[in-house]
Amino acid sequence: MENTTICLLQYFFGIVLFVHITAADLSYSVPEEMRPGSIVGNAAKDLGLEVGKMIFRKHYCDIDQKTGDFVIRERIDREELCGEKISCILKFELVLENPLELHRISLLIQDVNDNFPIFPKDMIKLEITESAVKGARYRVNEAHDADIGQNTVQQYSLQNNEHFVLSVRDDTDGSKSIELVLDKELDREKEHDLIFVLIAIDGGNPQKSGTASIHVTVLDANDNAPIFSQAVFKASLPENSVVDTVVVTVSATDADEGVNGDVTYEFSRISDRAKKVFSLNNKSGEIKVTGPLDFESNAKYEMRIDAKDGYGLSSDCKVVIDVTDVNDNAPVIYMKSLMSPIPENVSPGTEVGIINVQDRDSETNGQVRCSIQQNVPFKLVPSIKNYYSLVTTGQLDRELVSDYNITISATDEGSPPLSSSKIVQLSVADINDNPPVFEEQSYSAYVSENNKPGSTLCSVSARDPDLRQNGTVIYSLLPGEVNGAPVSSYLSVNGDTGVIHAVRSFDYEQFRSFKVQVMARDNGSPPLSSNVTVSVFISDVNDNSPQILYPAPEGNSFMTELVPKAAHGGSLVSKVIAVDADSGQNAWLSYHIVKSTDPGLFTIGVHSGEIRTQRDISESDSMKQNLIVSVKDNGQPSLSATCSMYLLISDNLAEVPELKDISYDDKNSKLTSYLIIALVSVSTFFLTFIIIILGVRFCRRRKPRLLFDGAVAIPSAYLPPNYADVDGTGTLRSTYNYDAYLTTGSRTSDFKFVSSYNDNTLPADQTLRKSPSDFAEVFGDSLEPLEVGAVLV
Ligand SMILES: *[C@@H]1O[C@H](CO)[C@@H](O)[C@H](O)[C@H]1NC(C)=O
Ligand SMILES: *[C@@H]1O[C@H](CO)[C@@H](O)[C@H](O)[C@H]1NC(C)=O
Ligand SMILES: *[C@@H]1O[C@H](CO)[C@@H](O)[C@H](O)[C@H]1NC(C)=O
């Protein structure tokens, strides 16, 4: 087609072209995107040309040779051809040869709404802090629609959104600025992501739209303070809780996130005391025990705790910790007052001390019961609360118990109970309440007569258990008389030692015993004393030789005994009577014939002194017989006395011309009766003689005396009750202290001799050991010492 019309396609220079268009010969208007083959118009006819002359084949379109129709041959995309130009005209030139003719054809391409609005990004991401205020604006890129005019984006809208409104403004450059305007404030804590849709709608018919999703991430702002789960946290724990015990955990939550929601805890108000025993974990809010708790000093703690987030928003809460009591305190006993020493004579019920018991624990843990050990004469009497009086329950006696260690115990009622005890030391003060007490009820001292003055007789001893001077014993003699002389002239006592000394020499024959009273007195104030009787027994010494009462001592030989010639062997002829002022063995006399005219004729009873014929008298015997009798006592050494006894063997005194020359050769038995008469008279004489002697002795003492008058009964008042009348004959017989020695003489004579001895004179082997009372019976005060009583009936 070398000769075909040259078609100049000039686009993008519309205005220039428009000039040509006006000058154009033919113009058509078609919408874009016509189907290829679509006839736009009949160009031949419109130009007045012959069909077939026009050879026109161009891009997009051509002219049908046969019909001359202007036909679209290719898809025409206005947006591709003209972009955003408002008018889009395709210009062709139709050149005809022979003749050369030039025709201009312009094809106006009309826009068709064939494009959707498109946002630059499907997803628009925005990050907006939740603290953004209402009205804040956030730009988003506008959507683009390749179409033009009404077919471009006409409006925008938002979907699914409560927080934003759209603001669309036309900019001077024709573009639009689209902004999201915060209409309702954000709260990250409610929604931290917002997704909604922005729709752009064009004005075509039908409308087309494009969307973009908007993804708003709400950024946290520290707009929430931490909030405690409770306004007040209460905890209670026992006071013995160990360190590290968790008391309570406070917790606060912060709705913010990150640092804004990072809660830390700290004490905001806490006492110094509480600080020492509690710690707070600032992360976990755990309150732990760090020190010793003590209910008794602090039972309740209150503190405030702040919870803070990272940027300092805070709130606080109160923590109340109650410490509960544990029985951790034993009772304590205090001695408030104590009277010590206590005089031993306080009456039962006397208060001697006051005790106070304290237990720091409370309630039952602090309720205390007090007790006192058994076996002490004290008790506790409760007085006002927790006070007790210590009171005596019995009589005290320092001499038995002088010190008390009283154990007082106190126990509380906790579980387990605690207890403590205290020892109260009490001493008892002495009171002079014990008199000295002699170790024996009575004392006896035995001393031989003729003692040396100053010699020790015995010692008394008394004890006084009282203290010091109250127990110091001093001895003294109580004034009294012995035989009319003051006792002090007989005895003295050592005041300190109680040793009793004789002051003078004693004579048994003068008195055999006496009694003195010794007093033991303590040094108390007033002093106490006791008395004891000291009996002094003087024992006999053989200092008296036997005294021969009958026959009269040598030289007085006028007394001659008659011995009947017819006397048979064994007849009693006479008796030697002797006494000894001593007593006992010393007065136990024995009789011996030391010399005789006819040694074989007479014997003498060793103890009776009775002289008997040893054989029958014979005519050859000398009429005058002479015996020398020795009387010995049994003392050591023994003392003796001798006497001579003259015997006349004769039946009749008348036969005796002269006493000195009588012959004893009388055999007449009639003389027996004379002999009896003679014996009776001699005996009577002898008795009288004794009575006289005794009388003389009694008279000397000027005291009531005991008189014996022959066979007259002895006045019973002077006799011990043991004596009884024997056979009604007035013969006295002893049933107790006295032994009777009865001797029966020859067939024709009734010679009875009753000898009274006091008991201690008799048995040779018996020593002097009689109680003073025995002596008293025999030698009563009114009864003078009686050595020998002899009664001849
Ligand atoms: C009392 O206690 C004291 C001191 O412990 C002690 O020396 C004394 O012997 C006690 N006395 C008695 C009577 O137990
Ligand atoms: C002796 O007893 C008296 C009261 O009888 C008393 O006052 C005194 O203190 C006692 N002496 C001593 C040493 O205890
Ligand atoms: C001891 O004897 C004296 C004098 O007779 C008397 O005053 C005193 O009361 C007696 N003491 C006692 C304890 O009997």
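Residues numbered from 1 in each chain as written. Chains lettered and ligands numbered in written order. Predicted model: local features only at pLDDT ≥ 70, side-chain atom pairs only at ≥ 80, totals over all residues. Heavy atoms only, no water.

An unreviewed UniProt entry annotates the chain as Cadherin domain-containing protein of Anabas testudineus. UniProt lists a comment for the chain under the heading Subcellular location (unreviewed entry), and it reads "Cell membrane". The Function (unreviewed entry) comment attached to the chain in UniProt states, word for word, "Potential calcium-dependent cell-adhesion protein. May be involved in the establishment and maintenance of specific neuronal connections in the brain." (UniProt positions renumbered as here; feature names shortened; annotations may be inferred.)

Turning our attention to the overall build of the chain. When helices and strands are counted, the chain shows seven helices and 54 strands. For the chain, buried positions account for 43% of its 793 residues. Counting contacts in the chain only where the partners sit at least 6 residues apart, residues at least 24 apart contribute 66% of the total. For the chain, the computed accessible surface area is about 41300 Å², with 51% contributed by carbon and sulfur atoms. (Helix = DSSP H or I, 4+ residues; strand = E, 2+ residues; numbered from the N terminus. Buried < 20%, exposed > 50% of the residue type's maximum accessible area, 1.4 Å probe, protein only. Contact = heavy atoms within 4.5 Å. Areas by Shrake-Rupley, 256 points an atom, 1.4 Å probe, with all protein chains shown as cover.)

On to the environment of Ser448. Within the fold, Ser448 resides in strand β32 (residues 442–448). The class for Ser448 is partly exposed, based on a relative accessible area of 37%. Between the C-alpha atoms of Ser448 and Ile538, which are 90 residues apart in sequence, the distance is 5.3 Å. What Ser448 contacts, discounting residues up to four positions off in sequence, is Ile538, Ser539 and Val541.

A word on the site of ligand 2. Lining the immediate surroundings of ligand 2 are Asp430, Ile431, Asn432, Arg468, Gln469 and Asn470. One of the backbone N or O atoms of Asn432 is found 3.0 Å from an oxygen atom in ligand 2. At 2.3 Å, a side-chain N or O of Asn470 approaches an oxygen atom of ligand 2. Compared with its free state, where it exposes 360 Å², ligand 2 has 62% of that area covered by protein. (Near = heavy atom within 4 Å. Polar contact = N/O pair within 3.5 Å; in protein donor to acceptor, adjacent residues only side chain to side chain.)

With that out of the way, let us pick up the sheet that holds strand β15 (residues 232–238). A sheet is described by the order of its strands in space; here four strands give the open sequence β15-β22-β21-β18, paired in mixed fashion. Looking at which strands have only one partner, the edges of the open sheet turn out to be β15 and β18 (264–269). Adjacent strand axes in the sheet meet at a mean angle of 30° when their direction is disregarded. In this structure, strand β21 (residues 300–308) lies alongside strand β22 (residues 314–324), joined through nine bridges in antiparallel fashion. From the neighbouring strand, Met303 faces β22, where its bridge partner is Val319. (Pairing = 2+ DSSP bridges. Axes fitted to C-alpha atoms, helices over the stretch in contact; angles between N-to-C directions.)

Below, the discussion takes up the pattern of salt bridges. Side chains bearing opposite charge may pair, as long as their charged atoms lie close to each other. The tally for this structure, following the rule as stated, stands at 24 salt bridges. Notably, a salt bridge pairs Arg169 with Glu179, separated by 3.3 Å at the nearest N-O pair. One end of the pair, Arg169, is in strand β10 (residues 164–170); the other, Glu179, is in strand β11 (residues 176–182), with ten residues separating them in the sequence. Judged by relative accessible area, which is 45%, Arg169 ranks as partly exposed. On the accessibility criterion, Glu179 (12% relative accessible area) is buried. Two residues, Glu399 and Arg398, come together in a salt bridge whose shortest N-O distance is 3.3 Å. A cluster of three or more residues bridged by salt bridges with shared partners is formed by Glu33, Arg75, Asp77 and Glu80. (Salt bridge = Lys/Arg side-chain N within 4 Å of Asp/Glu carboxyl O.)

Here we take up the site of ligand 3. Inspection of the region around ligand 3 gives Leu478, Ser529, Ser530 and Asn531 as its neighbouring residues. Contacts to ligand 3 include Asn531, whose side-chain N or O atom sits 2.2 Å from an oxygen atom. A total of 360 Å² of accessible area belongs to ligand 3 in isolation, and the protein chains cover 36% of it. Grouping the amino acids of the shell around ligand 3 by side-chain chemistry returns one nonpolar, three polar and no charged. (Nonpolar A, V, L, I, M, F, W, Y, C, P; charged D, E, K, R; others polar.)

One pass over the structure, following the stated rule, counts 18 aromatic pairs. Judged by centre distance (5.3 Å) and plane angle (20°), the ring pair of Tyr28 and Phe70 falls under stacked. Remark: Phe70 occurs in strand β4 (residues 69–72) and Tyr28 occurs in strand β1 (residues 26–31); sequence separation between them is 42 residues. Pair check on accessibility: Tyr28 and Phe70 agree, each one buried. Here the aromatic rings of Phe378 and Tyr404 are separated by 5.1 Å at their centres, their planes lie at 85°, and the arrangement is edge-to-face. With Phe378 in strand β27 (residues 378–382) and Tyr404 in strand β29 (residues 403–412), this pair connects stretches of sequence that are 26 residues apart. This pair shows no difference in class: Phe378 is buried, exactly as Tyr404 is. (Phe/Tyr/Trp six-rings, centres within 6.5 Å; stacked < 30°, edge-to-face > 60°.)

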